[in-house]
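# Inside the fold
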Amino acid sequence: MKRILITGGAGFIGSHLCERLLHEGHDIICLDNYYTGSKQNIEHLIGHPYFELVRHDVTQPFFAEVDEIYNLACPASPIHYQHNPIKTIKTSVMGAINMLGLAKRVNAKILQASTSEVYGDPEVHPQHEGYWGNVNPIGPRSSYDEGKRCAESLFVNYHYQNNVRIKIARIFNTYGPRMHPNDGRVISNFVTQAIMGKDITVYGNGMQTRSFQYVDDLVEGLIRLMNTDDSFIGPVNIGNPEERQIIELAKIIIELTQSSSKIIFSSLPKDDPSQRQPNIKLAIEKLGGWHPTIGIEEGLKKTIDYFSKHKSCTK
Ligand code: NAD
Ligand code: UDP
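Residues numbered from 1 in each chain as written. Chains lettered and ligands numbered in written order. Predicted model: local features only at pLDDT ≥ 70, side-chain atom pairs only at ≥ 80, totals over all residues. Heavy atoms only, no water.

### Re the overall build of the chain
- Helix and strand counts for the chain stand at 10 helices and 13 strands.
- In terms of overall size, the chain behaves like a compact globule, its C-alpha atoms giving a radius of gyration of 19 Å where 315 residues would be expected to give roughly 20 Å.
- Viewed in the frame of its principal axes, the chain has a C-alpha envelope of about 55 × 45 × 40 Å.
- Partitioning the intrachain contacts of the chain with sequence separation of at least 6 by distance along the chain shows that 80% fall at a separation of at least 24.
- Total accessible area on the chain stands at roughly 13500 Å², and carbon and sulfur atoms take up 50% of it.
- Between the centroid of the 33 positive side chains of the chain and the centroid of its 34 negative side chains there is a distance of 3 Å. (Helix = DSSP H or I, 4+ residues; strand = E, 2+ residues; numbered from the N terminus. Rg over C-alpha atoms; globule rule 2.2 N^0.38 Å. Contact = heavy atoms within 4.5 Å. Areas by Shrake-Rupley, 256 points an atom, 1.4 Å probe, with all protein chains shown as cover. Lys, Arg positive; Asp, Glu negative; His and termini not counted. Charge placed at Lys NZ, Arg CZ, Asp CG, Glu CD.)

### A few points about the packing of helix H4 (residues 85–106) against helix H5 (residues 142–162)
- Where H4 contacts H5, the axes come no closer than 8 Å and their chain directions differ by 15°. Considered as vectors, H4 and H5 are oriented roughly parallel to each other. Here the hand of the crossing between H4 and H5 comes out right-handed. Each of Pro85, Thr88, Ile89, Ser92, Val93, Ala96, Ile97, Leu100, Gly101 and Lys104 in H4 lies in contact with H5, whose residues at this interface are Ser143, Tyr144, Gly147, Lys148, Cys150, Ala151, Leu154, Phe155, Tyr158 and Asn162.
- When grouped by side-chain class, the residues that make up the contact of H4 with H5 number 12 nonpolar, six polar and two charged. (Axes fitted to C-alpha atoms, helices over the stretch in contact; angles between N-to-C directions. Parallel < 35°, antiparallel > 145°, perpendicular 65-115°, else oblique. Left-handed = near helix turned anticlockwise from the far one by under 90°. Nonpolar A, V, L, I, M, F, W, Y, C, P; charged D, E, K, R; others polar.)

### Some words on the nonpolar core
- Ranked by internal contacts, the top residues of the largest apolar core, which has 59 residues, are Tyr70, Leu222 and Leu300.
- For Tyr70, the residues in contact, after removing those within four places along its chain, are Ile4, Leu5, Ile6, Thr7, Leu17, Leu21, Leu111, Leu222, Ile223 and Met226.
- Membership of the second largest hydrophobic core comes to 27 residues, among which are Ile29, Ala73, Leu100 and Ala108. (Core = buried A, V, L, I, M, F, W, Y, C linked by side-chain atoms within 4.5 Å. Buried < 20%, exposed > 50% of the residue type's maximum accessible area, 1.4 Å probe, protein only.)

### Let's talk about the packing of helix H6 (residues 186–196) against helix H8 (residues 246–257)
- The interhelical angle for the contact between H6 and H8, taken along N-to-C directions, is 40°, at an axis separation of 10 Å. Along this stretch, H6 crosses H8, giving a crossing that reads as right-handed. On H8, the residues that touch Val186, Ile187, Phe190, Val191, Ala194 and Ile195 of H6 are Ile246, Leu249, Ala250, Ile253 and Thr257.
- Its residues assigned to classes, the contact of H6 with H8 shows 10 nonpolar, one polar and no charged.

Pasting the structure below:
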């Protein structure tokens, strides 16, 4: 049994990670300030003898004797991270400093939830880990992108300067149950719109692409990464290379929900990346043959099912 701290544990991905690691028999501390997460996401775990919930902000130091830290605390959806961009930068940068300081002090292994956003609007396609990216440092997405890039730099420097055992995961677009219905990301938007019979809001002409990964595949990849040999620090892409145009995604969701919703087009947000697809060769090699197992239709069905059962939260 390991003592594991999960920051951002009450969020979408964090809640799935808490659940999985708890069921594997570990002792979990779930830390969150509930900015975008909620107690509902982890309410089924509350009361378990090895599940501890802590309300805390990672921009402040935190102390606990733990063996591993998964650092997920950070709003992930553009509308949320752009709502208070200075706080977003503080969460990524000061959060990384505080959690790396803790890892150093208690000799814990620490994993950073980085992002495909470090590649910005990529000129290399698909994106491999050696690509340095194309990020606008002063654009509307910069609080998130540059915050995460700085966090990666902090991680590698704590590793080389202070021998902290680190892992960096570059996570590509992930979806599934417990996404916040109002968080503005494309899958939660389209699914809730389709269920309610509202117009499906495609930004731009819908020709931009993303590659969508179901949350269970990501959680498996993160745990395998944490368990790799100390000499492997990443960064490693964790994503599903099945690339789709946004317009195509809208049509699939309309079909799966048998919705009467119509597609409408509105303006594309500034600096919206035009394409994104992970090269996952490194993950397959280093994470024991890990590869995504859940295709878009299967994953969407599970997600649609979740949002249909939680219809009250889509109102
Ligand atoms: P989420 O918004 O559902 O979860 C983030 C969690 O962090 C929330 O529970 C939130 O309350 C908490 N949080 C935010 N600021 C905090 C702070 N200062 N102190 C403590 N807690 C704080 O988002 P998610 O999709 O679950 O993303 C989790 C992590 O994975 C994030 O770091 C995100 O950047 C990364 N990521 C997600 C995706 C994706 O597609 N979902 C892609 C790439 C990277
Ligand atoms: N998008 C869209 N309609 C929506 C929400 C998003 O067309 O209601 C588009 C968005 O412009 C982007 C893609 O879907 O091109 C993915 O957006 P999301 O915010 O989910 O993720 P990110 O841009 O951070 O990859």
